[in-house]
There are 2 protein chains.
Amino acid sequence: MSKFEERTITSKHIFEGKVVNLQVDEVELPDGKRSKREIIKHPGAVAIIPVTKENKIVFVKQYRKPLEKSLIEIPAGKLEPGEVPEVTAKRELEEETGYTTDNLTFLTSFYTSPGFADEIIHLYVTKDIVPLQELVDGDEDEFVEIMELSLEEAEQLVKEQRIHDAKTAYAILYLKLQGLN
Amino acid sequence: MSKFEERTITSKHIFEGKVVNLQVDEVELPDGKRSKREIIKHPGAVAIIPVTKENKIVFVKQYRKPLEKSLIEIPAGKLEPGEVPEVTAKRELEEETGYTTDNLTFLTSFYTSPGFADEIIHLYVTKDIVPLQELVDGDEDEFVEIMELSLEEAEQLVKEQRIHDAKTAYAILYLKLQGLN
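Computed from a prediction, not measured in an experiment: that's the story for all the values here.

> How should I be thinking about the relation of the copies chain A and chain B in this particular structure?
When chain A is fitted onto chain B, the two copies agree to an RMSD of 0.0 Å after a turn of 180° and an axial shift of 0.0 Å. Taken together, the rotation and translation describe the operation of a two-fold axis. An overlap of 100% is found between the interface residues of chain A and their copies at the interface of chain B, pointing to a shared contact surface.

Rendered as structure tokens:
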């Protein structure tokens, strides 16, 4: 048992959506008192750092309704039920960038908002991408714009606070520390 | 107007909680079609990298109910209504670590899950912390354990995938690239 584990007394399902579910758990705290935890259940996601032959990273610029603005991000998308993350990663790369790959390298996984959500993101890099011969249709409600930047240009955007997305900023620094080649 | 902006047609409030609210917006897409967006509203949060005189970073280990396990994280907490982030940062540092500071340096802000939530985290560093004379009471439903690690030890935990929290992993790499001194 984890230290400070919180035992579930009741779990109330509030909402089931396309992307997230919401439940409120009543928990017993380590001191025996009770509290409530609002929990967002998410299917998990992948994010991919696609690197072209010219050593440019392919980013997507996408409108994010929760923020009412567009962000520069690496390609990403959520897992379909039962799907292996590598399959999601290849599909999202194809749909969002028009590139494909048969050579994804897993880097790391991380939780984005562990205080209230169980979303995990599996991060991949591919330095072996080729343009698709035929474009595939993406999610019909997703509109993205492509940007290709060198690692140095991307790092500069992080420093200037023009990359506002945590997974993207983390991925850039991860790649920087690992070295691109 | 942002490119690919999604115009709100209707906004339905589903849930109002202590930490998050949930709404479902019907939106008009750039091609005129309609879709739904599930949106978690969050008050925003701060995270702090506290560095001791001995150049150790102070981490907290905390049980995270959405994941049913404990994570190693930097101290963090959500903004109270109308609160200036620096005030939140000082309070969370005191409550979670028993250290205080009058010298917080803002590093950057980032969105944790822009696909479905508006949570923003403001990241601070302080290299000027002193133990509180009298411990302050934290949130009564929060139980944390302190760990002090060098930047090198922390970076090693990121490499070994023993840091699973995105903000913490990002903060460590950010500090590493910036240099601790």
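> Just to check I follow, could you spell out the pairing of strand 1 (residues 7–16) of chain B for this structure?
Consecutive side chains along a regular strand alternate between the two faces of the sheet. All names here are of chain B. As defined by bridge partners, strand 1 adjoins strand 2 (residues 21–28) across eight bridges and the pair is classed as antiparallel. Across the sheet, the residue bridging to Ser11 is Asp25, located in strand 2. In this structure, the hairpin formed by strand 1 and strand 2 is closed by a connection of four residues.

> What should I look at first to understand the sheet that holds strand 4 (residues 45–50) of chain B in this one?
Residues and elements named next belong to chain B. Here we have four strands laid out as an open sheet, ordered 7-4-10-9, and mixed in their pairing. Across the chains shown, the open sheet's two edge strands, defined by having one partner strand only, are strand 7 (76–78) and strand 9 (105–111). Put simply, the sheet's adjacent strands are angled 20° from each other on average, direction ignored. Relative to strand 7, strand 4 runs antiparallel, the two being bridged by three bridges. From the neighbouring strand, Ala47 faces strand 7, where its bridge partner is Ala76. Across the sheet, helix 1 (residues 85–97) touches strand 4, strand 7 and strand 10 (120–126), and the angle it forms with strand 4 is around 55°.

> Would you explain the sheet that holds strand 12 (residues 144–150) of chain B in this entry?
Backbone hydrogen bonds are what pair the strands of a sheet, in a parallel or an antiparallel way. All names here are of chain B. The strand order across the open sheet built from three strands is 6-5-12, with neighbouring strands paired in antiparallel fashion. Two strands bound the open sheet, and with one partner strand each, they are strand 6 (69–73) and strand 12. With strand direction ignored, the average angle separating the axes of adjacent strands in the sheet is 25°. Along the sheet, helix 2 (residues 151–159) contacts strand 5 (56–64), strand 6 and strand 12; its crossing angle with strand 12, the most-contacted strand, is approximately 110°.

> Just checking my understanding: could you explain the side chain of Ser109(A) for this structure?
Within the secondary structure layout, Ser109(A) lies in strand 9 (residues 105–111). Since its relative accessible area comes to 12%, Ser109(A) is described here as buried. Engagement of the side chain of Ser109(A) in a polar contact is seen with the side chain of His122(A), the distance being 2.8 Å. Not counting residues within four places of it along the chain, the set of residues in contact with Ser109(A) comprises Ile120(A), Ile121(A), His122(A), Gln161(B) and His164(B).

> I'm lost on the interface of chain A and chain B in this one. Help?
By a frequent convention, interface size equals the accessible area lost on bringing the separate parts together. On the side of chain B, 70 residues touch chain A, which itself brings 69 residues to the contact. Counting the surface lost from both chain A and chain B, the interface buries some 6,100 Å², and carbon and sulfur atoms represent 63% of this. For the pair chain A and chain B, the interface holds zero salt bridges. Scanning the region where chain A abuts chain B turns up 25 residue pairs in polar contact (both at pLDDT 80 or more). For the side of chain A that touches chain B, the element with the most residues is helix 3 (residues 166–178) of chain A, which contributes eight residues. Here the side of chain A that touches chain B is composed, by residue class, of 32 nonpolar, 13 polar and 24 charged.

> Explain the environment of Thr101(A) to me, please; I cannot follow it from the model alone.
Residue and element names in this part refer to chain A. Residue position: Thr101 is located in the loop between strand 8 (99–100) and strand 9. In this structure the C-alpha to C-alpha distance between Thr101 and Pro131, which are 30 residues apart in sequence, comes to 8.9 Å. Not counting chain neighbours up to four residues away, the residues in contact with Thr101 comprise Lys90, Leu93, Thr126, Asp128 and Ile129. One polar contact links the side chain of Thr101 to the main-chain amide nitrogen of Asn103, over a distance of 3.0 Å. Here the side chain of Thr101 touches Thr126 through a polar contact of 2.9 Å, side chain to side chain.

> Got a minute to help me understand the pattern of salt bridges in this structure?
It is possible for side chains of opposite charge to pair when their charged atoms get near one another. Per the stated rule, a full pass over the model turns up 32 salt bridges over all chains. The closest approach of N and O atoms between Glu92(B) and Arg91(B), which form a salt bridge, is 3.7 Å. Bridged by salt links that share partners, the residues Arg64(A), Glu73(A), Asp165(A) and Lys167(A) form one connected network.

> Which parts of the structure should I look at to understand the confidence of the model for chain A?
Low pLDDT means the predicted coordinates in that region are not meant to be read closely. Mean pLDDT over chain A works out to 94, with 98% of the residues at or above the 70 mark. Under the prediction, the complex receives an ipTM of 0.95, its pTM being 0.95.

> Sorry, what's going on with the side chain of Arg64(B) here?
Mapped onto the elements of the fold, Arg64(B) is located in strand 5. By relative accessible area, which is 14% here, Arg64(B) ends up buried. A distance of 2.8 Å separates polar atoms of two side chains, one belonging to Arg64(B) and the other to Glu73(B). When residues no more than four places from it in sequence are discounted, the contact partners of Arg64(B) are Pro114(A), Gly115(A), Lys69(B), Ser70(B), Leu71(B), Glu73(B) and Lys167(B).

How each quantity is defined
Residues numbered from 1 in each chain as written. Chains lettered and ligands numbered in written order. Predicted model: local features only at pLDDT ≥ 70, side-chain atom pairs only at ≥ 80, totals over all residues. Heavy atoms only, no water. Least-squares fit on C-alpha atoms with pLDDT ≥ 70 in both. Contact = heavy atoms within 4.5 Å. Pairing = 2+ DSSP bridges. Helix = DSSP H or I, 4+ residues; strand = E, 2+ residues; numbered from the N terminus. Axes fitted to C-alpha atoms, helices over the stretch in contact; angles between N-to-C directions. Buried < 20%, exposed > 50% of the residue type's maximum accessible area, 1.4 Å probe, protein only. Polar contact = N/O pair within 3.5 Å; in protein donor to acceptor, adjacent residues only side chain to side chain. Buried area = accessible area lost by both parts, 1.4 Å probe. Salt bridge = Lys/Arg side-chain N within 4 Å of Asp/Glu carboxyl O. Nonpolar A, V, L, I, M, F, W, Y, C, P; charged D, E, K, R; others polar. pLDDT = per-residue confidence, 0-100.

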